[in-house]
Amino acid sequence: MNEIMPVGISIVGLDDLNITEDIAETGSTLEENSEIKASYVFDRLGIPVFADDSGLLVKSLNGEPGVYSARYAGPEKNDDNNMNLLLENLRHHEDRSAEFQTVITYIDQKGSKRQFKGVVEGQIIKEKRGNNGFGYDPIFQPLNHEVTFAEMSHQLKNQISHRANAVQQLLDYLS
């Protein structure tokens, strides 16, 4: 998040606030998980907060892995295992269209909630390419680009990503 923020704005994270426990993501949607995380911190500290949840939705797999993107291949949240399972599940599908989504929930000082959704469309390529980024970045190629997220510079990815889009909506709202 801090890489996406404009100069002069920095994010205070959970570690900075001495919140070290995992916040259970028990929602069935990105919207629900984002709200669960933001509400947890707001309820604990009573200050304006925002939290996000992101996922990869593949059209021919009915939106999988979706809300389970981080733990698609199991609870250990292993990026390589997740990508390998996704590539295997897509092996017999011609339609490889997909989109990354990020949902940010912002809670103001009065407890009012507002959500912002960022989306970037693309496709799942057939084999991993690139060393930058994390998660599914080596197999996700955004529309109108010839490279995967993992082959892009951090600067370019931070300009076009789903997370950057959602953050920009939040910043526009706050300003």
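This text goes with the structure placed above it.
Heads up: these notes are all about the structure in this document. Just so you know, these numbers come straight off a predicted model, no measurement behind them.

**Observations concerning the packing of aromatic side chains**
Logical step 1: Under the defined criterion, the tally for this structure stands at five aromatic pairs.
Logical step 2: Measuring from ring centre to ring centre gives 5.9 Å for F100 and F149, while their planes differ by 15°; the resulting arrangement is stacked. Of the two residues, F100 is situated in strand β3 (residues 97-107) and F149 in the loop between β5 (140-142) and α3 (154-160); the sequence distance between them amounts to 49 residues.
Logical step 3: Classification of F100 by relative accessible area gives buried; the value is 7%.
Logical step 4: Relative accessible area serves as the criterion here: at 0%, F149 is assigned to the buried category.
Logical step 5: With a centroid separation of 6.2 Å and an interplanar angle of 65°, the aromatic rings of Y106 and Y173 are classed as edge-to-face. Placement of Y106 in strand β3 and of Y173 in helix α4 (residues 162-174) is noted, with a sequence separation of 67 residues between them.
Logical step 6: Each residue in the set F100, F140 and F149 is aromatic and connected to the rest through ring pairs, giving one cluster.

Cut-offs used in this document
Residues numbered from 1 in each chain as written. Predicted model: local features only at pLDDT ≥ 70, side-chain atom pairs only at ≥ 80, totals over all residues. Heavy atoms only, no water. Phe/Tyr/Trp six-rings, centres within 6.5 Å; stacked < 30°, edge-to-face > 60°. Helix = DSSP H or I, 4+ residues; strand = E, 2+ residues; numbered from the N terminus. Buried < 20%, exposed > 50% of the residue type's maximum accessible area, 1.4 Å probe, protein only.

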